[in-house]
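The chain contents come next:
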Amino acid sequence: MESERLKNVASRTGGRVSRQATVRLKDAVEAFVPTSWVRAGNAMPAVVQGRSGYAGGAYYHFRRPPELHVDADPATSVHEYVHHLQYRVEGFHAAWRQFYRDRTRLPDGSQERAVGSKKYGSKYRVREDQWYDDYMGEVGEVELAARVFEILSHGLYRRQVIGERLIHDPELVSFAVGLLLRFGP
């Protein structure tokens, strides 16, 4: 049986870059994101804007319809699509929020203090936990899930990186894989 295809995601413009980005996003998401998650994400239309000559991406949840801006890296497509799931699929982000809060809670029950990121600058506020990358510890916790799935899917496309994460943070990898296997919208 053919898997549920990513629907309701279209190019924002008729431009070649955006059409290619839409195809790239669909291919990356369908290769990595569980079918039940794709089906739930299909409930809200989204548009893709290709970013030519720009490394990275963005997700604009407040726009109607939401917009996914992606570059040529398929792992970026997975990262931005996970943001779409965080904002559009009930219960998806709650587990990540709890994991983040548990990891950054001090013995007295308070949260670790927010500090400026060594990598991204002092204006970028992160919790001090031993995240593999400061980006994961952003105070709003919204980047944790997106960054983890970007990392897990990254090995599908360019290089094997999961082993590094297993050595550095087995608890995080275990949580993410468990969610992949068990979460159903």
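Residues numbered from 1 in each chain as written. Predicted model: local features only at pLDDT ≥ 70, side-chain atom pairs only at ≥ 80, totals over all residues. Heavy atoms only, no water.

> I'd like to hear about unusual backbone geometry, residue by residue, with values.
In this structure, P65 follows R64 across a cis peptide bond, with omega equal to -5°. Mapped onto the elements of the fold, P65 is located in the loop between β3 (58-60) and β4 (67-70). (Helix = DSSP H or I, 4+ residues; strand = E, 2+ residues; numbered from the N terminus.)

> Tell me about the packing of aromatic side chains, and name the residues and values.
Tallied over the full model, the rule gives 10 aromatic pairs. Between the aromatic rings of W37 and F92, the centroid separation amounts to 5.0 Å while the plane-to-plane angle is 75°, which identifies the pairing as edge-to-face. Of this pair, W37 sits in helix α2 (residues 35-41) while F92 sits in helix α4 (residues 92-103), and the two are 55 residues apart along the sequence. Across the pair, F92 and W37 agree in class, each one buried. For the ring pair Y60 and F62, a centre distance of 5.9 Å and an interplane angle of 80° mean the geometry is edge-to-face. Through pairs of rings, three or more aromatic residues link up here, namely F32, W37, F92, W96, F99, F149, F175 and F183. (Phe/Tyr/Trp six-rings, centres within 6.5 Å; stacked < 30°, edge-to-face > 60°. Buried < 20%, exposed > 50% of the residue type's maximum accessible area, 1.4 Å probe, protein only.)

> Talk me through the packing of helix α5 (residues 142-154) against helix α7 (residues 170-182); I want residue IDs and the actual numbers.
Running from N to C, α5 and α7 point in directions that differ by 85°, and their axes come no closer than 11 Å. Relative to α7, the element α5 is oriented roughly perpendicular. Here L144, V148, F149 and L152 of α5 lie close against α7, whose contacting residues are L172, A176, L179 and L180. Of the residues contributing to the contact of α5 with α7, the split by class is eight nonpolar, no polar and no charged. (Axes fitted to C-alpha atoms, helices over the stretch in contact; angles between N-to-C directions. Parallel < 35°, antiparallel > 145°, perpendicular 65-115°, else oblique. Contact = heavy atoms within 4.5 Å. Nonpolar A, V, L, I, M, F, W, Y, C, P; charged D, E, K, R; others polar.)

> Talk me through the confidence of the model for the protein; I want residue IDs and the actual numbers.
Considering every residue of the protein, the mean pLDDT works out to 79; 82% of them sit at 70 or more. Considering each helix and strand of the protein separately, the mean pLDDT is smallest for helix α6 (residues 162-168), with a value of 69, and largest for β3, with 89. (pLDDT = per-residue confidence, 0-100.)

> Which residues make up the pattern of salt bridges, and what values do they have?
Inspection of the entire model under this criterion finds six salt bridges. The shortest N-O distance in the salt bridge between D102 and R105 comes to 3.1 Å. Among the residues examined, R105 registers a relative accessible area of 37% and is labelled partly exposed. With its nearest N and O atoms 3.0 Å apart, the salt bridge here joins R103 to D169. With R103 in helix α4 and D169 in the loop between α6 and α7, this pair connects stretches of sequence that are 66 residues apart. Each member of the pair, R103 as well as D169, is classed as buried. Put simply, R103, D169 and E171 are held in one network by salt bridges that share partners. (Salt bridge = Lys/Arg side-chain N within 4 Å of Asp/Glu carboxyl O.)

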